[in-house]
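Below are the chains, spelled out letter by letter.
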Amino acid sequence: MNKGEVMYEGKAKIMYATDEPDKVLVYFKDDATAANGEKHGVIQDKGIINNKISEYFFKLLKSNGINSHFIEVVSDREMVVKLLRMISLEVVVRNVAAGSLAKRLGLEEGTPLKVPVLEYFYKSDELGDPMLNRYHIMAIDIARVHELDEIEHIAFCVNTILKDNLRSKNIDLIDFKLEFGRDDKDKIVLADEISPDNCRFWDMATHEKLDKDRFRHDMGGVEEAYKEMLTRLTM
Ligand code: ADP
Ligand code: TMP
């Protein structure tokens, strides 16, 4: 497979065309942003770690019956995925109150939620990713009702599979963000990445944060946390 033109460069990844029109090569960068792009930095070797952790989770999901865009890893920082028409949504699933939910509802970080919560955000840098509900999404034609049903079904299955796997590694899955696209048959497919950039992982015993919150809140030990996650998952 040959790497072609840059199709898109985002904040954390670069998408390259390949000589196969239905496949793209994803290059994972070390760049990190937070606070809607206002905070910039570099997390050494993050790209290598997120490529490996995403591979681990996409393979785990596949072995549990959840398909994704993932095809194969081709280098330290690169994976080949199925090219999709992306849906402009960030789909967040939460098991424990943290981050923006804790702030919005005045809950202490770490408060367990009685049922998992699913939230939608409009993926729009200009608008600052506002929260949406199903009616907004249908009203402005981002997705249709049967697609949202499918997205929610997949998102909750991913939650169960990841939560159970992480528990065996002494990690609590606090929350995570997924993205979805449509394939050539309009089927909804899980896309993007699953890594410490877009999940909150806490050590079960100490509640130590092993994710991007260390970068967001200048807590130090960022690189070490990403490495620790990879070690726990793959060793
Ligand atoms: P951002 O666009 O938020 O800065 P990234 O730097 O992670 O994010 O860039 C990756 C981009 O590729 C995202 O916009 C994401 O929606 C998109 N993407 C993820 N998976 C696929 C896929 N399978 N096909 C096409 N685009 C994808
Ligand atoms: P939040 O508490 O800041 O809303 O974040 C919820 C989850 O979504 C958390 O695991 C981090 C992830 N996330 C992203 O991946 N990208 C984003 O732009 C935001 C705001 C959150």
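The coordinates are above.
Quick summary incoming for the structure in this document. (Residues numbered from 1 in each chain as written. Chains lettered and ligands numbered in written order. Predicted model: local features only at pLDDT ≥ 70, side-chain atom pairs only at ≥ 80, totals over all residues. Heavy atoms only, no water.)

**Quick notes on the site of ligand 1**
Working step 1: Near ligand 1 lie 16 residues; those nearest to it are Tyr8, Lys11, Ala12, Lys13 and Glu179.
Working step 2: Here a nitrogen atom of ligand 1 and a backbone polar atom of Lys82 are 2.8 Å apart.
Working step 3: Between ligand 1 and the protein, one listed contact pairs a nitrogen atom with a backbone N or O atom of Asp192 at 3.3 Å.
Working step 4: Look at ligand 1: alone it shows 550 Å² of surface, and the protein chains cover 89% of it. (Near = heavy atom within 4 Å. Polar contact = N/O pair within 3.5 Å; in protein donor to acceptor, adjacent residues only side chain to side chain. Areas by Shrake-Rupley, 256 points an atom, 1.4 Å probe, with all protein chains shown as cover.)

**Describing the site of ligand 2**
Working step 1: Taken together, 15 residues surround ligand 2, and among them Arg94, Ser100, Asp175, Lys177 and Arg200 come closest.
Working step 2: At 2.9 Å from an oxygen atom of ligand 2 is found a side-chain nitrogen or oxygen belonging to Arg94.
Working step 3: Calculation on ligand 2 without its partners gives an accessible area of 440 Å², and the protein chains cover 78% of this total.
Working step 4: Mapped onto the shell around ligand 2, the elements with two or more residues apiece are β9 (89-96), α2 (99-105), β12 (171-178) and β15 (199-203).
Working step 5: In terms of residue class, the shell around ligand 2 is built from four nonpolar, three polar and eight charged. (Helix = DSSP H or I, 4+ residues; strand = E, 2+ residues; numbered from the N terminus. Nonpolar A, V, L, I, M, F, W, Y, C, P; charged D, E, K, R; others polar.)

**Re the packing of helix α1 (residues 46-63) against helix α4 (residues 145-167)**
Working step 1: Packing of α1 against α4 brings their axes to within 10 Å, and their N-to-C directions diverge by 115°. One way to sum up the angle between α1 and α4 is to call them roughly perpendicular. Remark: the crossing between α1 and α4 carries right-handed chirality. Each of Tyr56, Phe57, Leu60 and Leu61 in α1 lies in contact with α4, whose residues at this interface are Val158, Ile161, Leu162, Asn165 and Leu166.
Working step 2: Residues belonging to the contact of α1 with α4 are distributed by class as follows: eight nonpolar, one polar and no charged. (Axes fitted to C-alpha atoms, helices over the stretch in contact; angles between N-to-C directions. Parallel < 35°, antiparallel > 145°, perpendicular 65-115°, else oblique. Left-handed = near helix turned anticlockwise from the far one by under 90°. Contact = heavy atoms within 4.5 Å.)

**Remarks on the sheet that holds strand β3 (residues 23-28)**
Working step 1: The sheet built from five strands is open, its strands ordered β1-β2-β3-β7-β6 with antiparallel pairing. Among the strands making up the open sheet, the edge pair consists of β1 (3-9) and β6 (70-75). In this sheet, adjacent strand axes meet at a mean angle of 30° when their direction is disregarded.
Working step 2: Of the strand pairs in this sheet, β1 and strand β2 (residues 13-18) are connected by four bridges, and their pairing is antiparallel. Considered in β2, the bridge of Val6 is made with Tyr16. (Pairing = 2+ DSSP bridges.)

**With respect to the packing of α1 against helix α6 (residues 222-234)**
Working step 1: Their axes nearest at 10 Å, the elements α1 and α6 cross at an angle of 30°. Judged by the inter-axis angle, α1 sits roughly parallel to α6. Helix-helix and strand crossings are classified by hand; for α1 and α6 the assignment is left-handed. In this structure, α1 uses Lys46, Ile49, Asn50, Lys52, Ile53, Tyr56 and Phe57 to contact α6, whose residues at the interface are Tyr226, Lys227, Met229, Leu230, Leu233 and Thr234.
Working step 2: Of the residues contributing to the contact of α1 with α6, the split by class is eight nonpolar, two polar and three charged.

**Examining α1**
Working step 1: For α1, built from 18 residues, the straight-helix expectation of 26 Å at 1.5 Å per residue is met to within 8% by its first-to-last C-alpha distance of 25 Å.
Working step 2: Following α1 by one or two positions, Gly65 adopts a phi angle in the positive range, close to 90°. (Expected span 1.5 Å × (residues − 1).)

**Regarding the environment of Gly41**
Working step 1: Considering the arrangement of structural elements, one finds Gly41 in strand β5 (residues 39-42).
Working step 2: Gly41 sits in the partly exposed class, given a relative accessible area of 22%.
Working step 3: Spatially, the C-alpha atoms of Gly41 and Asp30 are 8.5 Å apart, while their sequence positions differ by eleven residues.
Working step 4: Discounting chain neighbours no more than four positions away, the residues touching Gly41 are Asp30, Asp31, Ala32 and Phe215. (Buried < 20%, exposed > 50% of the residue type's maximum accessible area, 1.4 Å probe, protein only.)

**Section: the environment of Tyr8**
Working step 1: Secondary-structure assignment places Tyr8 in strand β1.
Working step 2: Residues Tyr8 and Val26 lie 18 residues apart in sequence; the distance between their C-alpha atoms is 9.9 Å.
Working step 3: Ignoring sequence-local partners within four residues, the contact set of Tyr8 consists of Lys13, Ile14 and Met15.

**With respect to the side chain of Glu78**
Working step 1: The topology assignment puts Glu78 in strand β7 (residues 78-82).
Working step 2: What makes Glu78 buried here is its relative accessible area of 13%.
Working step 3: One polar contact links Glu78 to Lys3, side chain to side chain, over a distance of 2.7 Å.
Working step 4: In contact with Glu78, not counting residues within four places along its chain, are Lys3, Leu25, Val26, Tyr27, Asn51 and Val73.

Any link to function would need more than the numbers given here.
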